[in-house]
Amino acid sequence: MNQVKKTQNTFALTTPLYYVNDLPHIGSAYTTMAADVVARFQRLLGHRVLLITGTDEHGQKIQRTAESKGRSPQSFSDEMSAGFVSLWQLLNIQYDRFIRTTAPRHEVLVKEFFQRVWEAGDIYHGQQKGWYCVSCEEFKEERELLEGHRCPLHPNKEVEWRDEQNYFFRLSKYQEKLQALYESRPDFIQPESRRNEVLSFVNQGLQDFSISRVNVDWGFPVPVDPNHTLYVWFDALLGYVTALLEPDEEPTIKNALAKWWPINLHLIGKDILRFHAVYWPAMLMSAGLSLPERVFGHGFLTKDGQKMGKSLGNTLDPIGLVERYGSDAVRYYFLKEIEFGKDGDFNESRFIDVLNADLANDLGNLLNRTLGMVKKYCAGNVPTITNEDIPFEHALKAIGLPLGEQVRNAYEALAFNQACKAVLSLVKTSNKFLDEQAPWSLYKQGQQQAVEQVLYAVLESVRLAAYLLSPIIPDTSSDIYQQLGFGINFNEQIETATAAPFAIHGTWGVLTNQQKLGQARPVFKKIEPPKND
Ligand code: MSP
């Protein structure tokens, strides 16, 4: 494998490329929110980041959906793809590349890749017989199916019998190489439960899979036989490579790999694990490309306990949710409440409770009341205390000092809920600390030094909390930072990376009397539960 060395300082990650058979629902938004959090965190660390997202526009599913609406697949794809772009804007996703698989230069790259695999002798012509699920765009084994030949992921749809001439990719040839990969790189597939799933699938013995279709026109023709259309997955996965090209660069694999390859992280849902953790690395091995660092498969979102999906008609409209509650609220709920990797539930009253408790009460109120006291007892200035004046065993400093490292580890492990919990514990302790220390009484007793120490420690803890949560709730964190007198907007990438690098702002004790506090205002308004009428 020719390993292309890239600099330590870059981080490239991908979301899946979404099918455009419909507008996005919250399930598709979920991976993208998580990816954006990882990207923002990596930028805080000072890395150059490339976040890739986009749409997967070929294949039978899209062809049929467009036809059923009397539309051409291209115009239908254009409309749906635009829906993803606008939702990403609403959700405050800072992506760097949006790849559409219908882009002409993508075809050039796919052809070049096909050629490499063809020359490696890994493509042959054969007969494909089996059950095909159009919704999954995948052949299913008989034993995987539910009664009545239904797909377990799309139980309202029957799979279709296919018996046709196809081109095949020689996946079986890579059985041992893949096993060696999983063995030598135990972190390649995460979390552990997904790795085990893949291991048991591969250990059963890999079969070659077909990479072309007949009777499907919506896709790229197979370079060696234009009567066949390239299988949508063989085309879509390469979108990750095309996306790496600079905007005006000539589309060659060499150019695409020059700067960002190999991808550091593919974030996907558990239903497309096999494609990313088995087929994709084998395809890359065949074409002589180095492999991605990590594939992480998250769980499914459920609503009120039921799997969310179009078949059950219980999808959640992300636009309505953002319009009602704001993007920070939506991002926070899904990342804090659901262990990334496991299935997780959406329930509106739980949603409101979590936001009110964590962001409005614990974090927002803490800032508010502390700033109120600073105004009253310290003439509206940050106390003239410095970090050195506060002993290591101080109740808040003792939690604050190791917090940055803890939260960094959690983000790196994609344990977003742990990151939030660790930060919230500092916030909760700060509220308690304020109640116990009662600076209003200290002030009455004339203990100005003690008052200032208490207020400094609490303000600094709020600052650290806002900083560490900024990848998840960038608007709220920016608001807090502004009130604390830092002219930093966490949505401005360059400004944040230079003015507030993690190495400095990720530690406790950054606030100084030099800061001129900004205008105080509530940061996260309490949400009133909707009236049931
Ligand atoms: N087009 C392929 C991916 C190609 S990547 C080269 C595809 N698209 S998809 O639109 O059907 O799904 C995209 C992602 O959305 C998948 O990771 C899938 O797991 C995720 N989700 C779809 N519904 C979901 C939930 N209800 N919950 C969480 N994520 C789910 O597959």
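Small disclaimer: the values here were computed from a predicted structure and weren't measured. (Residues numbered from 1 in each chain as written. Predicted model: local features only at pLDDT ≥ 70, side-chain atom pairs only at ≥ 80, totals over all residues. Heavy atoms only, no water.)

A.B. asks: Give a detailed account of the overall build of the protein chain, specifying residues and quantitative values.
C.D. replies: The helix and strand inventory of the protein chain stands at 20 helices and 18 strands. Radius of gyration (C-alpha) of the protein chain: 26 Å, near the 24 Å computed for a compact globule of 533 residues. By its C-alpha atoms, the protein chain is 90 × 60 × 40 Å across when sized along the principal axes. Going through the 533 residues of the protein chain one by one, you find that 58% of them count as buried. When contacts within the protein chain are restricted to residue pairs at least 6 apart in sequence, those whose partners lie at least 24 apart make up 77%. When the accessible surface of the protein chain is split by element, carbon and sulfur atoms take 49% of a total near 21900 Å². For the protein chain, the distance from the average site of its 55 positive side-chain charges to the average site of its 64 negative ones is 3 Å. (Helix = DSSP H or I, 4+ residues; strand = E, 2+ residues; numbered from the N terminus. Rg over C-alpha atoms; globule rule 2.2 N^0.38 Å. Buried < 20%, exposed > 50% of the residue type's maximum accessible area, 1.4 Å probe, protein only. Contact = heavy atoms within 4.5 Å. Areas by Shrake-Rupley, 256 points an atom, 1.4 Å probe, with all protein chains shown as cover. Lys, Arg positive; Asp, Glu negative; His and termini not counted. Charge placed at Lys NZ, Arg CZ, Asp CG, Glu CD.)

A.B. asks: Can you break down the nonpolar core residue by residue, with the values?
C.D. replies: Within the largest apolar cluster, 178 residues are counted, with the highest numbers of intra-cluster contacts made by I26, F113, L178, V278 and F334. Residue contributions to this core peak at 14 residues, all from helix α17 (residues 448-469). By size, the runner-up hydrophobic cluster in this structure holds six residues, among which are C133, C136, C151 and V159. (Core = buried A, V, L, I, M, F, W, Y, C linked by side-chain atoms within 4.5 Å.)

A.B. asks: Describe the sheet that holds strand β10 (residues 209-210), listing the residues and the values that go with them.
C.D. replies: In sheet architecture, strand pairing relies on hydrogen bonds along the backbone and comes in two forms, parallel and antiparallel. Pairing within the open sheet is antiparallel, and its four strands lie in the order β5-β4-β8-β10. Both edges of this open sheet fall to β5 (138-140) and β10, since each of them pairs with a single strand only. With ten bridges connecting them, strand β4 (residues 123-133) and strand β8 (residues 160-169) associate as antiparallel partners. Bridge pairing in β8 links H125 to Y167. (Pairing = 2+ DSSP bridges.)

A.B. asks: An account of the packing of helix α12 (residues 327-337) against helix α15 (residues 416-437) is requested, with residue identities and associated values reported.
C.D. replies: One can describe the packing of α12 onto α15 by two numbers: an axis separation of 6 Å at closest approach and a directional angle of 100 degrees. Here α12 is positioned roughly perpendicular relative to α15, judged by the angle of their axes. Mapping the contact onto sequence places Y332, L335 and K336 in α12 and F416, N417, C420, K421 and L424 in α15. Its residues assigned to classes, the contact of α12 with α15 comprises five nonpolar, one polar and two charged. (Axes fitted to C-alpha atoms, helices over the stretch in contact; angles between N-to-C directions. Parallel < 35°, antiparallel > 145°, perpendicular 65-115°, else oblique. Nonpolar A, V, L, I, M, F, W, Y, C, P; charged D, E, K, R; others polar.)

A.B. asks: With reference to specific residues and values, describe the environment of V374.
C.D. replies: Structurally, the position occupied by V374 is in helix α13 (residues 348-377). Residues contacting V374, with those up to four places away along its chain left out, are A379, G380, N381, L455, L459 and L517.

A.B. asks: Which residues make up the site of the ligand, and what values go with them?
C.D. replies: Taken together, 21 residues surround the ligand, and among them L17, D56, G269, D271 and L301 come closest. Between the ligand and D56, the relevant distance is 2.7 Å, taken from a nitrogen atom to a side-chain nitrogen or oxygen of the residue. With respect to the ligand, the backbone of L301 contributes an N or O atom lying 2.8 Å from a nitrogen atom. Protein burial of the ligand: of its 660 Å² of free accessible surface, 91% is covered by the chains. Considered class by class, the residues forming the shell around the ligand number 13 nonpolar, six polar and two charged. (Near = heavy atom within 4 Å. Polar contact = N/O pair within 3.5 Å; in protein donor to acceptor, adjacent residues only side chain to side chain.)

A.B. asks: How would you explain the UniProt feature "binding site: Zn(2+)" (unreviewed entry) in the protein chain if you had to name every residue and give the values?
C.D. replies: UniProt records the feature "binding site: Zn(2+)" (unreviewed entry) for C133, C136, C151 and H154 in the present numbering. Spanning 22 residues, the named residues form one tight spatial group whose C-alpha atoms are at most 8.7 Å apart. Residue placement: C136 occurs in the loop between β4 and β5. Residue C151 is classed as buried on the basis of its relative accessible area of 1%. (UniProt positions renumbered as here; feature names shortened; annotations may be inferred.)

A.B. asks: Tell me about the state of the cysteines, and please be specific about residues and values.
C.D. replies: In this structure the tally under the stated criterion is zero disulfides. Left without a disulfide partner, C136 is nearest to the cysteine sulfur of C133, which lies 3.8 Å away. You can see C151 has no disulfide; the closest cysteine sulfur is in C133, sitting 3.8 Å from it. (Disulfide = S-S within 2.5 Å.)

A.B. asks: If you had to explain the sheet that holds strand β12 (residues 221-222) to someone new, which residues and values would you point to?
C.D. replies: Ordered in space as β11-β13-β12, the three strands form an open sheet in which the pairing is antiparallel. The two strands at the open ends of the sheet, each matched to only one other strand, are β11 (212-213) and β12. Two elements, β12 and strand β13 (residues 225-230), share two bridges in a ladder whose sense is antiparallel. The residue of β13 that forms the bridge with V222 is D225.

A.B. asks: Give me the lowdown on the UniProt feature "short sequence motif: 'HIGH' region" (unreviewed entry) in the protein chain, citing residues and values where you can.
C.D. replies: This chain's UniProt record puts "short sequence motif: 'HIGH' region" (unreviewed entry) on residues 18-28. Between the first and last C-alpha atoms of residues 18-28 the distance is 7 Å; the span itself is 27% helix and 18% strand.

A.B. asks: Hey, could you go over helix α14 (residues 395-412) for me, with residue numbers and the actual values?
C.D. replies: Across its 18 residues, α14 extends 27 Å between first and last C-alpha, which sits within 8% of the 26 Å expected from 1.5 Å per residue. Residues of α14 that are buried: L396, K397, G400, L403, G404, V407, A410 and Y411. L414 occupies a position one or two residues after α14 and carries a positive phi of about 60 degrees. (Expected span 1.5 Å × (residues − 1).)

A.B. asks: Report on the packing of helix α1 (residues 26-44) against helix α3 (residues 73-90), specifying residues and quantitative values.
C.D. replies: Running from amino to carboxyl end, α1 crosses α3 at an angle of 55 degrees, the nearest separation of the two axes being 11 Å. In terms of orientation, α1 and α3 fall into the oblique class. Where α1 crosses over α3, the handedness of that crossing is right-handed. Note on element contacts: α3 touches α1 through F84, L87 and W88, opposite S28, A29 and T32. (Left-handed = near helix turned anticlockwise from the far one by under 90°.)

A.B. asks: So what about the pairing of β4? Which residues, and what values?
C.D. replies: Regular strands show a simple pattern: their side chains alternate between the two faces of the sheet. Strand direction decides the pairing type here: β4 and β5, joined by three bridges, are antiparallel. Bridged to Y132 within β5 is F139. Hairpin geometry of β4 and β5 is characterised by an intervening segment of four residues between the two adjacent antiparallel strands and by a positive phi of about 50 degrees at E137.

A.B. asks: So what's going on with the pattern of salt bridges? Residues and values would help.
C.D. replies: Proximity of charged atoms lets side chains of opposite charge pair with each other. Inspection of every chain in the model, using the stated rule, returns 29 salt bridges. The salt bridge involving D78 is made with R100; its shortest N-O contact spans 2.6 Å. Separated by 22 residues along the polypeptide, D78 in helix α3 and R100 in strand β3 (residues 97-100) bring together distant segments of the chain. On the basis of relative accessibility, which here comes to 35%, the residue D78 falls in the partly exposed class. Across the pair R274 and E144 runs a salt bridge whose closest N-O atoms are separated by 3.9 Å. Of this pair, R274 sits in helix α10 (residues 273-287) while E144 sits in the loop between β5 and β6 (150-151); the two residues are 130 residues apart in sequence, bridging distant segments of the chain. On the basis of relative accessible area, R274 is assigned to the partly exposed category, the value being 28%. (Salt bridge = Lys/Arg side-chain N within 4 Å of Asp/Glu carboxyl O.)

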